[in-house]
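Each chain, written out:
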Amino acid sequence: MTESTTDPNRGTPGRPQQTDTEQVLCSVNVDGNLLIGPAGKPLIDFLEQHRIDLPHVCYLPSLGPIETCDTCWVEVDGELQRGCALTLKDGMSVRIDSEAARDARHEGADRIVARHELYCSVCENNNGDCEVHNVVERMEIPYQRYPYKEKPYELDDSHPFYQYDPDQCILCGRCVEACQNIQVTGTLSIDWARDDPRVLWDGGEVANESSCVSCGHCVTVCPCNALMEKTMVGQAGPLTALPESVKRPAIDLVKRVEPTVGFKPIFTLSEVDAAWRESEIKRTKTVCTYCGVGCAFEMWTRDRTILKVQPVEEAPVNGISTCVKGKFGWDFVNAEDRLTTPLIRENGEFRPASWEEAYALIARRFLEIKEAHGPDALSFVASSKCTNEESYLVQKLARAVIGTNNVDNCSRYCQSPATQGLWRTVGYGGDEGSIEDLEGAELLLIVGSNTAESHPVIATRLKQAQKHRGQRHIVADLRRHEMVERADEHIHPRPGTDLVWISAMTKYILDQGLEDRAFLDEKVNGLDEYLDSLAPFTLEYAEAETGIAAARLADLARQIADAGSVCAIWAMGVTQHVNGSDVSTALANLMLVTGNSGRPNTGCYPMRGHNNVQGTSDFGAMPGRFPGYEFVADDQVRARYEAGWGVTLPKEKGYNNHTMVQAMHDRKIRAMYVLAEEMALVDANARHVQEGFDQLDFMVVQEIFFTRTCEQADVVLPGAPSVEKEGTYVNTERRFQRLYEVMPPLTGCKADWRILTELAQALGADWDYQNPSEIMDEAASLAPMFAGVSYDRLEGFDSLQWPVRADGADTPHLYLDGYPFEDGKARLYPLDFHAPSEPVNEEYDLHVNNGRLLETFHEGNLTHRSRGLRSQVPGNFVEVSPQLAEARGIKTGSLVKLISRHGEISVHVLVTDRVAGNEVYVPENATDNEHAINMLASNHADKDSHTPAFKEISARLEVVQVEGPAPLPADNFRFWTATPQSGVLTERKWQRQDYVQPPAAARNPEKF
Ligand code: SF4
Ligand code: SF4
Ligand code: SF4
Ligand code: FES
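Residues numbered from 1 in each chain as written. Chains lettered and ligands numbered in written order. Predicted model: local features only at pLDDT ≥ 70, side-chain atom pairs only at ≥ 80, totals over all residues. Heavy atoms only, no water.

**Q** Teacher, can you tell me more about the overall build of the chain here?
**A** In terms of regular secondary structure, the chain is built from 32 helices and 35 strands. Here the C-alpha radius of gyration of the chain, 29 Å, is about what a compact globule of 1008 residues would show, namely 30 Å. Summarising its shape, the C-alpha atoms of the chain cover approximately 85 × 70 × 65 Å along the three principal directions. Counting only residues that meet the buried cut, the chain has 65% of its 1008 residues in that class. Of the contacts made within the chain by residues no fewer than 6 positions apart, 75% connect residues no fewer than 24 positions apart. Only carbon and sulfur atoms are counted for the fraction: they give 48% of the accessible area of the chain, which is about 34300 Å². (Helix = DSSP H or I, 4+ residues; strand = E, 2+ residues; numbered from the N terminus. Rg over C-alpha atoms; globule rule 2.2 N^0.38 Å. Buried < 20%, exposed > 50% of the residue type's maximum accessible area, 1.4 Å probe, protein only. Contact = heavy atoms within 4.5 Å. Areas by Shrake-Rupley, 256 points an atom, 1.4 Å probe, with all protein chains shown as cover.)

So this is what it looks like as structure tokens:
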């Protein structure tokens, strides 16, 4: 276990940043003062640490030097240089206060003001953060030296989420750098050759007709109001809502006065305005509610209006990064159809009820059912959207109040097989290291993970590593998604055969003596038995089963064995099969055989899907385990919880999500409590699940919208989304982060932890939690794995990765000191191959792959309520290969039925070469039975974890009508080609005929 890092740079994306401790110290002279600092540190960061002011506009630590703004000149050894491009060197002498440097900086600032109209009091960006305003003020630029001239371009508001105003753009290039080198999408550029340079989208002038994936990086880093979230427009300040007909004359009036009075009095006015805004606008740290990456950011609000999401550099996971959902996907919070009162079903109809009445009814029915059929007739489903504290309460409610271990969460639908594979081999059911380890690896093996759409901010880090540091990516997937397009090697195994090719590569490595023998001897058990189990997995057998040539597999195996450090990444393409646990285990075996574990930049990294799917299991919402993964069957552990909770606890493992469904059909489960889980559509064989709900005597759903699952409830309780409560989440790297209450629960709703507390009271328990921190304290006191977790240690953007010792030391990388087995050694685990269920045959001749889309999340109950996201992906569809489309006489827009052995759906066709042959792809993007992919899924499940085999669907296709509307709009990013380049290409600016290096005055300053 390693000590927790306190380095604020840890986890900050962007250019590699060395920690001070890794560096050699050197001395530098700044304006006559001798200072000591780490060699190689960026000068501006160093000066800021010492509170020495060097103006700068285009520099941002996460982006590195761009060198466009010319406001940071210093003299080094008598020569003028841009300060942002300098790093500390021993003996360096820097003059900030020389006249030449000051003149050069002033000239740079004058040129910026020539490009940007200062109308701060009516500007959305007048919030203290505007770098243009701040630099002009800090440098005491007295007046407009070069006249401002409008650009020959219109404001572009074509994009659903942001607008670009060329008139305000200072051509700093931050947006381009972010798009090209942080997001690595490569949409933005500046055409330095034009008379009037401007930002371009794929070389064009319309933002929404481009490859832009709406990640928002460019908007986040823009130093002024040139790129602006649309949610800010007209909302940000008291005067920003003025109509243009009033605003423009007001600006013109001020501009007429300005030459006589200078900037100062006008800035004073804008500061009053900024202070006014400051008092009204609340900035609250929260954590994204969508995927398991765990991006944290500040949310800016005025009352219940969400003005914008602003990522900050100190966020440990994402720094300045977000994806479209985290940055822009929050309309659902204030959606008109939020549930705002408890509902009780009466004579087949729902009617509003008071909380007291709802609690009393639930308590009465639960206790009646318990009395009549025993505690195991009740079951509880926790939510991976909710907090750790809420998951803890759900399992405590089930175990301590009702007396059953029938409690589970939706990791059963995705991650349980990965956890199983890790438990078998390396010991802990979590990612071995941190995202930084993924970034630092020499080679990544990415299997069944559409990382760019399902875990977008992790994908940006991987793409950065590939682009900037030559990281190699071997990607195995059925579909040509972005990670495949960018892969160094791509293989397309036959569906369901991953175990074969992974095991064959491992066998080849061992047969050829390419394994890490010293690592195996010292740190791993079970090699002999494992070797025996590999006997069938020859390369030839693998070629026959998977369709991948033996020579190709041998070559890939050598690449993995030869690489200095390898991480394996996988996701639902691996886990949602009948052998999901075994394939996860096979990947862990491969990492162990090649010595890729127990050291930095190595290990296994199953990507956790939901924001808190890791934490919900961590906090005991599982049928056989308490918080921290201790067994309910362990007498000593149970005794600890019995003492802590003051009750007797059940010993037998309960039903999991999947087995609960059959138990409902068999009338073994009579009542169910579902917390924020669209179980009616996201479990496999959805019709079978819905029929199971019909069998229940009583069902409670706690939700924020009236979902498909609510339709079958007897009582519906209105809970609260993440921004309306406090708590913690655990992301895919085992990292705890705190979320703060951005706004109080919508009138009529309650935070879910409060509802659970009040319900437990109604059931007779003496729960008295007043704040989620008390729940965490209790969990930490009972679960050794979280002994040192507390809200104090998670203040602000601080985070902890489990296990966390009582003294607060956390574990960014597991296994550095051995594996959590008795002898400290990892274990190789022998495996057999089990063929996939329901393979294609003559009747069901298509393999139906399925998964996420960038712009939607899971079934879509949240993302469908975002107008912008909905405009990008209006509904569900099926991706069909050009070959299949031709064979069936269909085209983009055709309406087809997909019919499996278990159900059918109707969807429009999108013809694309992302899929091949008779493999089709249906996103999980539907909130009704007519379009939801899981209507097609079977009851087959992973034999070890009971995770449904969602990825093993075969179906036939029937054409309903050939002509129809295209399922995605023409401006969807998938239809455009990016324009990647190395960065801002600032040298092209300097090469322009009309560029004169400051301090000389430019002849045509407005051109810069
Ligand atoms: S992909 Fe779009 S939103 Fe993201 S940085 Fe590029 S242009 Fe901006
Ligand atoms: S739009 Fe881009 S180039 Fe223009 S000011 Fe903003 S970040 Fe700089
Ligand atoms: S959805 Fe995932 S990647 Fe996107 S902002 Fe949220 S946590 Fe980050
Ligand atoms: S901060 Fe140095 S040129 Fe912009």
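**Q** Which parts of the structure should I look at to understand the pairing of strand E26 (residues 727-730)?
**A** Side-chain direction in a regular strand flips from residue to residue, so the side chains alternate between the two faces of the sheet. Residues Gly727 and Tyr729 of E26 are buried on one face, and the alternating residues Thr728 and Val730, pointing to the opposite face, are buried as well. Note that E26 and strand E27 (residues 735-739) share four bridges and pair antiparallel. Across the sheet, the residue bridging to tyrosine 729 is glutamine 737, located in E27. Counting the residues that bridge the hairpin from E26 to E27 gives four residues, and of these arginine 734 lies at a positive phi of roughly 65°. (Pairing = 2+ DSSP bridges.)

**Q** Would you take a moment to explain the site of ligand 1 for this structure?
**A** Every residue near ligand 1 is listed here: Tyr162, Cys179, Leu188, Trp201, Cys212, Val213, Ser214, Cys215, Gly216, His217 and Cys218. Classifying every residue of the shell around ligand 1 by side-chain character gives eight nonpolar, three polar and no charged. (Near = heavy atom within 4 Å. Nonpolar A, V, L, I, M, F, W, Y, C, P; charged D, E, K, R; others polar.)

**Q** Just to check I follow, could you spell out the sheet that holds strand E24 (residues 698-703) for this structure?
**A** Overall, mixed pairing links the seven strands, which are arranged E14-E13-E25-E24-E23-E15-E16 in an open sheet. Whereas interior strands pair on both sides, the edge strands pair on one side only; in this sheet they are strand E14 (349-352) and strand E16 (407-408). Two elements, strand E13 (residues 343-346) and strand E25 (residues 715-718), share two bridges in a ladder whose sense is antiparallel. Note that in E25 the partner of leucine 343 across the bridge is valine 716. Across the sheet, helix H25 (residues 657-665) touches strand E15 (378-381), E16 and strand E23 (671-675), and the angle it forms with E15 is around 145°. (Axes fitted to C-alpha atoms, helices over the stretch in contact; angles between N-to-C directions.)

**Q** I keep staring at the pattern of salt bridges and nothing clicks. Help me out?
**A** Oppositely charged side chains are able to pair whenever their charged atoms sit close together. Applying the stated criterion across every chain, the model contains 65 salt bridges. Ionic pairing is found between arginine 974 and glutamate 855, a salt bridge with its closest N-O pair at 2.7 Å. In this pair, arginine 974 is assigned in the loop between strand E35 (954-961) and helix H32 (986-990) and glutamate 855 in the loop between strand E30 (846-851) and helix H30 (867-872), connecting sequence segments 119 residues apart. In this structure, the salt-bridge partner of glutamate 879 is arginine 914, at a minimum N-O distance of 2.9 Å. In this pair, glutamate 879 sits in strand E31 (residues 877-880) while arginine 914 sits in the loop between strand E33 (904-911) and strand E34 (919-923), placing the two residues 35 residues apart along the sequence. (Salt bridge = Lys/Arg side-chain N within 4 Å of Asp/Glu carboxyl O.)

**Q** Quick question: what am I supposed to make of the environment of glycine 788 here?
**A** As for its placement among the helices and strands, glycine 788 is situated in the loop between helix H29 (772-782) and strand E28 (800-801). On the accessibility criterion, glycine 788 (2% relative accessible area) is buried. Ignoring anything within four residues of it in the chain, the contact list for glycine 788 reads Arg793, Leu800, Val804, Arg805, Ala806 and Gly808.

**Q** Can you help me understand the site of ligand 2 in this one?
**A** Around ligand 2 there are 14 residues in total, and Cys169, Cys172, Gly173, Cys175 and Cys222 lie nearest to it. Counted by class, the shell around ligand 2 contains 12 nonpolar, one polar and one charged residues.

**Q** Please clarify how a nonpolar patch on the surface should be interpreted in this entry.
**A** A cluster of nonpolar side chains, Leu253, Val257 and Val261, forms an exposed patch at the surface whose accessible area comes to about 240 Å². Locating valine 257 in the fold gives a position in helix H6 (residues 244-261). Taking the relative accessible area as the measure of exposure, valine 257 reaches 39% and is therefore partly exposed. (Patch = residues over 30% accessible without salt bridge, like charges linked within 9 Å, V, L, I, M, F, W, Y side chains within 5 Å.)

**Q** Looking at this model, I keep getting lost on the UniProt feature "domain: 4Fe-4S Mo/W bis-MGD-type" (unreviewed entry) in the chain. Mind explaining?
**A** According to UniProt, the positions carrying the feature "domain: 4Fe-4S Mo/W bis-MGD-type" (unreviewed entry) are residues 281-337. For the annotated span residues 281-337, helix accounts for 9% and strand for 33% of the residues, and the straight-line distance between the end C-alpha atoms is 26 Å. (UniProt positions renumbered as here; feature names shortened; annotations may be inferred.)

**Q** Could you clarify how one ought to interpret helix H7 (residues 263-280) in this entry?
**A** Since one α-helical turn is 3.6 residues long, residues separated by three or four positions face the same way. Compared with the 26 Å implied by 1.5 Å per residue over 18 residues, the 26 Å span of H7 between its first and last C-alpha is a close match. Of the positions making up H7, those classed as buried are Phe263, Ile266, Phe267, Ser270, Asp273, Ala274 and Arg277. The buried residues of H7 occupy an angular sector of 120° when projected down its axis, which confines them to one face. Seen from the open side of H7, the exposed residues pointing more than 90 degrees away from its buried face are Lys264, Leu269, Val272 and Ser279. Elements in contact with the buried residues of H7: helix H2 (99-115), helix H3 (131-138) and H6. (Expected span 1.5 Å × (residues − 1). Arc of directions from axis to C-beta.)

**Q** What's the story with unusual backbone geometry in this structure? I'm lost.
**A** Generally, phi is negative for residues other than glycine and the peptide bonds are trans, each holding for most cases. Geometrically, the link from tryptophan 802 to proline 803 is a cis peptide bond, its omega value of -5° lying close to zero. Here proline 803 lies in the loop between E28 and strand E29 (826-827). In this chain, proline 998 is followed by proline 999 through a cis amide linkage whose omega measures 15°. Secondary-structure assignment places proline 999 in the segment after H32. In this structure, glutamate 140 is a non-glycine residue whose phi angle is positive, near 55°. The residue glutamate 140 is located in the loop between H3 and strand E6 (162-164) in this model. Classification of glutamate 140 by relative accessible area gives exposed; the value is 64%.

**Q** I keep staring at the UniProt feature "domain: 4Fe-4S His(Cys)3-ligated-type" (unreviewed entry) in the chain and nothing clicks. Help me out?
**A** UniProt feature "domain: 4Fe-4S His(Cys)3-ligated-type" (unreviewed entry): in the numbering of this structure it lies at residues 100-140. Between the end C-alpha atoms of residues 100-140 the distance is 17 Å, and the span holds 59% helix and 0% strand.

**Q** Would you mind going over the sheet that holds strand E4 (residues 79-82) with me for this structure?
**A** Strands in a sheet are paired, the pairing made by backbone hydrogen bonds, and the direction either parallel or antiparallel. Read from one edge to the other, the open sheet built from five strands follows the order E2-E1-E5-E3-E4, with strand pairing classed as mixed. Strand pairing shows two members of the sheet lacking a second neighbour, strand E2 (33-38) and E4, which therefore form its edges. Taking the axes of each pair of neighbouring strands and ignoring which way they run, one obtains an average angle of 40° across the sheet. Judged from the four bridges that link them, strand E3 (residues 73-76) and E4 form a sheet pairing that is antiparallel. Each bridged residue has a counterpart across the sheet, and for valine 74 the counterpart in E4 is glutamine 81.

**Q** Explain the packing of helix H19 (residues 539-546) against helix H20 (residues 550-562) to me, please; I cannot follow it from the model alone.
**A** Any two packed helices are characterised by the angle at which their axes cross and by the distance between the axes. At a closest axis distance of 8 Å, the pairing of H19 and H20 adopts a crossing angle of 115°. Relative to H20, the element H19 is oriented roughly perpendicular. For the element pair H19 and H20, the recorded crossing hand is right-handed. Taken together, the residues of H20 that come into contact with H19 (itself represented by Leu539, Glu540, Ala542 and Glu543) are Ala550, Leu553 and Ala554. In the contact of H19 with H20, the residues fall into five nonpolar, no polar and two charged. (Parallel < 35°, antiparallel > 145°, perpendicular 65-115°, else oblique. Left-handed = near helix turned anticlockwise from the far one by under 90°.)

**Q** Can you help me understand the packing of aromatic side chains in this one?
**A** One pair of aromatic rings is described through two measures. These are the centre distance and the angle between the planes. Overall, the coordinates contain 29 aromatic pairs when judged by the stated rule. Ring geometry for tyrosine 290 versus phenylalanine 857: centroids 5.7 Å apart, planes at 55°, classification tilted. Remark: phenylalanine 857 occurs in the loop between E30 and H30 and tyrosine 290 occurs in the loop between strand E10 (282-287) and strand E11 (296-302); sequence separation between them is 567 residues. Judged by relative accessible area, which is 1%, tyrosine 290 ranks as buried. (Phe/Tyr/Trp six-rings, centres within 6.5 Å; stacked < 30°, edge-to-face > 60°.)

**Q** Mind showing me how you'd approach the side chain of glutamine 576 here?
**A** On the secondary structure map, glutamine 576 appears in the loop between helix H21 (572-575) and helix H22 (580-593). The exposure class assigned to glutamine 576 is buried, which follows from its relative accessible area of 2%. Polar contacts involving the side chain of glutamine 576 include one to the side chain of lysine 951, which spans 2.4 Å. The residues contacting glutamine 576, other than those within four sequence positions of it, are Tyr413, Cys414, Asn850, Thr947, Pro948, Ala949, Phe950, Lys951 and Glu952. (Polar contact = N/O pair within 3.5 Å; in protein donor to acceptor, adjacent residues only side chain to side chain.)

**Q** I would appreciate a short explanation of the nonpolar core in the present structure.
**A** Across soluble globular proteins, you tend to see nonpolar side chains buried next to one another. Residues Phe366 and Phe380 are the most contacted members of the largest nonpolar core, which totals 68 residues. In this structure, phenylalanine 380 is in contact with Phe366, Val394, Leu397, Ala398, Ile402, Thr404, Asn406, Val407, Asp408, Met660 and Tyr673, ignoring residues within four places of it in sequence. Membership of the second largest hydrophobic core comes to 58 residues, among which are Val447, Val593, Leu814 and Phe833. (Core = buried A, V, L, I, M, F, W, Y, C linked by side-chain atoms within 4.5 Å.)

**Q** Is there a simple way to think about the confidence of the model for the chain in this case?
**A** Predicted coordinates in regions of low pLDDT should not be interpreted in detail. With 97% of its residues at a pLDDT of at least 70, the chain reaches an overall mean of 94. Long-range and interchain partners of residues 1-21, a stretch whose pLDDT sits below 50, account for 55 contacts in this model, where long-range means more than four residues apart. (pLDDT = per-residue confidence, 0-100.)

**Q** Even after reading the chapter, I still don't get the packing of helix H16 (residues 498-511) against H22, so can you show me in this structure?
**A** Running from N to C, H16 and H22 cross one another at 20°; their axes reach a closest spacing of 9 Å. With respect to their mutual orientation, H16 and H22 come out roughly parallel. H16 and H22 meet at a crossing whose hand is left-handed. Residues Asp498, Leu499, Ile502, Ser503, Met505, Thr506, Ile509 and Leu510 of H16 lie in contact with H22, whose contacting residues are Asp582, Val583, Ala586, Leu587, Leu590 and Val593.

**Q** What's the story with a negative patch on the surface in this structure? I'm lost.
**A** Where like charges cluster on the molecular surface, the negative patch consists of Asp766, Asp768, Glu774, Asp777 and Asp792. Following the sequence through the fold, aspartate 777 ends up in helix H29. (Lys, Arg positive; Asp, Glu negative; His and termini not counted. Charge placed at Lys NZ, Arg CZ, Asp CG, Glu CD.)

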